[in-house]
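Take a look at the letters that make up each chain.
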Amino acid sequence: MEHLINQKVKNIEISGIRKFFNLVSKYDNVLSLTIGQPDFSTPQHIKDAGINAIHNDHTSYTANAGIYELRKAACQFISDKYKLLYNPDSEVIVSIGASQGIDITFRTILTEGDEVILPNPVYPGYEPIIRLCGATPVHVDTRSSSFLLTADLLKKYITDKTRCIVLPYPSNPTGVTLPNDEIKKIAALLKDKDIFVLSDEIYSELVFEGEHTTIASFPGMKEKTIVINGVSKSHSMTGWRIGFVFGPENVMKHMLKVHQYNVSCATSISQYAALQALTVGADDAITMNETYKQRMEYVYNRLQAMGIESVKPNGAFYIFPSIEQFGLSSFDFAVKLLEEAKVAVVPGSAFSTCGEGYIRLSYACDMETLIKAMDRLEQLTLSLKQKSKNKFPYV
Ligand SMILES: Cc1ncc(COP(=O)(O)O)c(C=O)c1O
């Protein structure tokens, strides 16, 4: 029956991250810097709230948009933290992780032939959904602008088919985030245009310096921006699968239909845990963020000392160094590192075409692992440099 499968589904592939994980799982005693999720446990008080939700029989369907208390808490949270005002009655949907929020956003706004602009390298969760909607991803090479989708770059790619621009900052895989003045320029560029912005802010609580700024807070932008957020990364709750979609009422009322027919509602038990996270645990991310920052400084400095260039991250828990000098594809480099040094990283090619020549290291792991992994990476790079010297002795 495979010949009857929707051709668009046949055309998409499982993510390069997943493919590499499958390969890594065949090796023993590997130090893994591949992890795309916090290495901390969900805080105990949040776990308890989930357990209590079961004891209190909160185990049935909830309102399609999510329990009212959680919607209210989510609106309060982003109002307190990022100065964004949304109405819990009509401008927020509790989704099954940020992932489902991204899915229902694209399915609500895209039709065949639309174009969606994305920075490249990019998290691989957008493109397949854009394609399933019959729209075309338009990639902007951000390698020359320290991985930032700047207003100057963006304006070259806007056409009358552009329906949406994806702003995923702080970024997976690069760890960089858009500075305030750049967001301001993008907002000025888009203010008078009928183009949506999908602002994926799932790492908003993990910003190392200054405050996270959202484009939706600039004049005229709330009306056209869909903000995606959630508790996966901020509260170490990836498995609980709770995300949030915020947007203007005239968009959200349509999105709610897609969400309703898709999943009815997010898991009731997880919603009660998320309620605890966003109220009592509103500042839980602060200590985790400090730890990520210390680890980032360590990894960045080690890479610098090895002569491996990277853009210094200012958020999330990733760094994206260039491995171009070693003359190997990112996949071959990652396999070599895995086989010879027993260190796993994600090849940059998993993050689209402009990720080639880079690797993604996640520092969502303990310091001991990081130190050992950096020592092993150093050994490998020294031996690769030595080999290339022997090959070209006069260079
Ligand atoms: C940029 C980005 N957006 C969305 C997601 C998905 O988040 P969730 O686990 O809440 O679905 C991830 C997960 O890695 C991510 O890196």
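Residues numbered from 1 in each chain as written. Predicted model: local features only at pLDDT ≥ 70, side-chain atom pairs only at ≥ 80, totals over all residues. Heavy atoms only, no water.

A. Region of interest: the site of the ligand. Looking at the ligand, there are 13 residues lining it, with S99, D200, Y203, S232 and K233 nearest. One nitrogen or oxygen atom from the main chain of A98 is found 2.8 Å from an oxygen atom belonging to the ligand. Contact between the ligand and N172: an oxygen atom at 2.8 Å from a side-chain N or O atom of the residue. Comparing atom positions with the cavity grids shows the ligand to sit within the largest pocket. Ranked by the residues each element gives to the shell around the ligand, the list is headed by helix α5 (residues 97-109), at 4 residues. (Near = heavy atom within 4 Å. Polar contact = N/O pair within 3.5 Å; in protein donor to acceptor, adjacent residues only side chain to side chain. 1 Å grid on protein atoms, 1.4 Å probe; cavity = no way out; pocket = protein on both sides within 12 Å on 5 of 7 lines; lining within 4 Å. Sits in = over half its atoms within 2 Å of the grid points. Helix = DSSP H or I, 4+ residues; strand = E, 2+ residues; numbered from the N terminus.)

B. Quick look at the sheet that holds strand β12 (residues 359-362). The 3 strands lie next to each other as β9-β12-β11, forming an open sheet whose pairing is antiparallel. Of all the strands in the sheet, just β9 (318-319) and β11 (346-347) have a single pairing partner and so form its edges. With 2 bridges connecting them, β9 and β12 associate as antiparallel partners. In the sheet register, Y318 faces β12, and the bridge partner there is S362. (Pairing = 2+ DSSP bridges.)

C. Spatial organisation of the environment of V24. By the secondary structure assignment, V24 is in helix α2 (residues 16-24). Once residues within four sequence positions are removed from consideration, V24 is found in contact with V30, L338 and A344. (Contact = heavy atoms within 4.5 Å.)

D. Expanded view of a nonpolar patch on the surface. Taken together, I5, V9 and L132 make up a surface patch of nonpolar side chains, about 230 Å² in accessible area. As for its position among the elements, L132 is in helix α6 (residues 127-132). Judged by relative accessible area, L132 falls into the partly exposed class, the value being 37%. (Patch = residues over 30% accessible without salt bridge, like charges linked within 9 Å, V, L, I, M, F, W, Y side chains within 5 Å. Areas by Shrake-Rupley, 256 points an atom, 1.4 Å probe, with all protein chains shown as cover. Salt bridge = Lys/Arg side-chain N within 4 Å of Asp/Glu carboxyl O. Buried < 20%, exposed > 50% of the residue type's maximum accessible area, 1.4 Å probe, protein only.)

E. Spatial organisation of the pattern of salt bridges. Summed over all chains, the structure comprises 17 salt bridges. D114 is paired through a salt bridge with R163; the nearest N and O atoms lie 3.5 Å apart. Within this pair, whereas D114 is found in the loop between α5 and β3 (115-120), its partner R163 is found in strand β5 (residues 162-167), the two being separated by 49 residues in sequence. Assessed through its relative accessible area of 7%, D114 is described here as buried.

F. The arrangement of empty space enclosed by the protein in detail. Tallied over the full model, the rule gives 2 cavities of 30 Å³ or more. For the largest cavity, the calculated volume is near 60 Å³. In terms of lining residues, the largest cavity is bounded by A74, F77, I78, N229, G230, V231, S234, H235, F244, F246 and L278. Counting residues per element, the ones that place at least two in the lining of the largest cavity are α4 (68-82), β7 (225-230) and β8 (243-246). Sort the elements by how many residues they give to the lining of the largest cavity and α4 lands first, with 3 residues. (Points joined across faces, edges and corners; volume = space filled by probe spheres on them.)

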